[in-house]
Amino acid sequence: MPKYTLKVLTDFASAHTLRDYPGNCSRLHGHNWKVEAEVEATVLDSLGMAVDFKTIKSLAREIAGELDHTYLNDLAPFRDMNPTAENIAAWFFREMAARLNAPGVRVSAITLWETERACVRYTEE
């Protein structure tokens, strides 16, 4: 079966503190996060497209916008769950999957870049 993987990149800026972390990250600090969203498709539409990049970009920006210029610890998903890169990536994945997944199309991975040299990739495979 053919499989197409589409990727888009977006970003957001936010601050957080890591509760109970034994180091500097337990203090308030921020990041300019980059989000790489991967979507897999096994079917193409009549135009020969799996999903319009515009649709994926718009959705990724919408979700990133919910985090942009916020203190993550104040947001509902992170009041009890530590806003680590791992937890943010998993939350982003689930939000995007709930809004995009359809027969033959699904979010396959979210890669969240905390810095230019450090990222986490989340999947549910």
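Description of the structure in this document. None of the values given here were measured: they were computed from a predicted structure.

## Looking at unusual backbone geometry
Right, on to step 1. Within the chain, aspartate 20 stands out as a residue other than glycine whose phi angle is a positive 65 degrees.
Right, on to step 2. Note that aspartate 20 resides in the loop between β1 (4-16) and β2 (29-41).
Right, on to step 3. Residue aspartate 20 is classed as exposed on the basis of its relative accessible area of 80%.
Right, on to step 4. The residue histidine 69 is not glycine, and still its phi comes out positive at about 55 degrees.
Right, on to step 5. Along the chain, histidine 69 turns up in the loop between α1 (53-67) and β3 (70-71).

## Observations concerning the state of the cysteines
Right, on to step 1. What the rule picks out here adds up to zero disulfides.
Right, on to step 2. The thiol of cysteine 25 is unpaired, and the distance to the nearest cysteine sulfur, on cysteine 119, comes to 16 Å.
Right, on to step 3. Residue classification places cysteine 25 among the partly exposed residues on the basis of a relative accessible area of 28%.
Right, on to step 4. On the accessibility criterion, cysteine 119 (44% relative accessible area) is partly exposed.

The rules behind these values
Residues numbered from 1 in each chain as written. Predicted model: local features only at pLDDT ≥ 70, side-chain atom pairs only at ≥ 80, totals over all residues. Heavy atoms only, no water. Helix = DSSP H or I, 4+ residues; strand = E, 2+ residues; numbered from the N terminus. Buried < 20%, exposed > 50% of the residue type's maximum accessible area, 1.4 Å probe, protein only. Disulfide = S-S within 2.5 Å.

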